[in-house]
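Close look at the chain arrangement
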Amino acid sequence: IAILPAVIGMFTVAGLAYWGQYAHQAPQLVIVLAIVAAVLSFIVAWSNARSVARRIERLAGATAHARTRVAGAGANGGAPDQTPLEADEIDEIHHTVEGLRRAVDVAESDRATTQRREDQRARDHAELLLSIVDGATNRLDEVRLPLHILLDNHFGDLNENQEEMLGSARAATEAIDTELVSLRRIAELDLGTTQPRIERVRTSDVVEPILPLLVSAAESAGASLRTEIAPLLPAIAVDRTQLQEALTTLLRSRIAAAAHGTDLDLRAGLSDETRTPGQVEIVLTGAPASPASVHTTLARRLIQVNGGDLREEEARLRVMLPVSTVPGTVR
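Okay, so let's go over this structure. (Residues numbered from 1 in each chain as written. Predicted model: local features only at pLDDT ≥ 70, side-chain atom pairs only at ≥ 80, totals over all residues. Heavy atoms only, no water.)

The mixed open sheet is built from five strands, whose spatial order is β2-β4-β5-β7-β6. Lying at the two open borders of the sheet, with one neighbouring strand each, are β2 (224-229) and β6 (309-312). With strand direction ignored, the average angle separating the axes of adjacent strands in the sheet is 10 degrees. Bridging between strand β4 (residues 263-270) and strand β5 (residues 279-285) involves six bridges; their strand directions are antiparallel. (Pairing = 2+ DSSP bridges. Helix = DSSP H or I, 4+ residues; strand = E, 2+ residues; numbered from the N terminus. Axes fitted to C-alpha atoms, helices over the stretch in contact; angles between N-to-C directions.)

Here it is as structure tokens:
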């Protein structure tokens, strides 16, 4: 069928050559050019038709293997097998493509359903965590009040051991209370009830106020901390208070875990990987990974809700922060 026009053209040229030569009405040059054009058209059409036929045959053979993988698509909600009894290669390809399309639709539907279930499960867990924290906080208040009364209002003589035990109990309740507060904040972040107040700030305005705390932590650990903040960094779009809290918690926990005599390096600048103005990174090198706690978990969540990202290695912590794309005066 593909080369039929060329065949008809050849017969037409042959008739033209015969009757034209017989009647001496067509120029001989026109007849020769028409014959050459018809022959070339026939060769090109034949070559193209064979090439397309071979490629369709190879594609049809490859789809035979794919059909076995999507044979169950009809049972999962797709249309039943409607392949003609005398299907050619194109019908085979069409049937396989339809099967793959049904399989993709089923997979997308399953993925969306799974994602909704996961989101609902995460929300349920956050609500459960919030209710547990509220109950534990109320019970903890019932414990802290008697301890406060016993320690601050002496209703009798307490020996030194009794006062020490009561003091340790009160310190433990205070530590538990701070952890419960962190758990509550994590649950509120997961539920979306707490949103960051994003503003354009300089990186130096975020890092420099917490440097004395970090230097003090390094001195307490017997380590030395060298700091470097690159000049002319682009403004970042973050909640300044939340980010400072998160950086202080993460960096201090790492610095406190450093060995005596360790040289630590804290640098703020553009990312070494991209060197683009799309992100600013704060890198602490030389400090080992610290044990995970509810406070460090909260710090990670705070960085994430501010559009940042973390990469934690054995002796390196990288915090990537988003650069503000809104023009204006940096606050």
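With that out of the way, let us pick up the packing of helix α4 (residues 160-191) against helix α8 (residues 294-305). Look at α4 against α8: their axes get within 9 Å of each other, and the N-to-C directions meet at 30 degrees. Regarding the angle of α4 to α8, the classification is roughly parallel. Crossing geometry of α4 relative to α8 is assigned as left-handed. Counted together, Thr178, Glu179, Ser182, Leu183, Arg185, Ile186, Leu189 and Asp190 of α4 and Val294, His295, Thr297, Leu298, Arg301, Leu302 and Val305 of α8 form the full contact between these two elements. Its residues assigned to classes, the contact of α4 with α8 shows seven nonpolar, four polar and four charged. (Parallel < 35°, antiparallel > 145°, perpendicular 65-115°, else oblique. Left-handed = near helix turned anticlockwise from the far one by under 90°. Contact = heavy atoms within 4.5 Å. Nonpolar A, V, L, I, M, F, W, Y, C, P; charged D, E, K, R; others polar.)

Right, let's get into the pairing of β6. Bridge count for β6 against strand β7 (residues 316-322) is four bridges, and the pairing is antiparallel. Residue pairing for β7: aspartate 309 is matched across the bridge by methionine 320. In sequence, β6 turns back onto β7 through a hairpin of three residues.

Take the side chain of threonine 248 next. Along the chain, threonine 248 turns up in helix α7 (residues 240-256). Beyond its immediate sequence surroundings of up to four residues, threonine 248 is in contact with Ile210 and Leu213.

Describing two packed helices takes the angle between their axes plus the distance from one axis to the other. It is the contact of helix α6 (residues 211-221) with α7, at a shortest axis distance of 8 Å, that shows an interaxial angle of 15 degrees. One element, α6, and the other, α7, form an angle in the roughly parallel class. For the crossing formed where α6 meets α7, the hand is right-handed. In this structure, α6 contributes Leu213, Leu214, Ala217, Ala218 and Ala221 to the contact, and α7 contributes Thr248, Leu251, Arg252, Ile255 and Ala256. Tallied by class, residues from the contact of α6 with α7 come to eight nonpolar, one polar and one charged.

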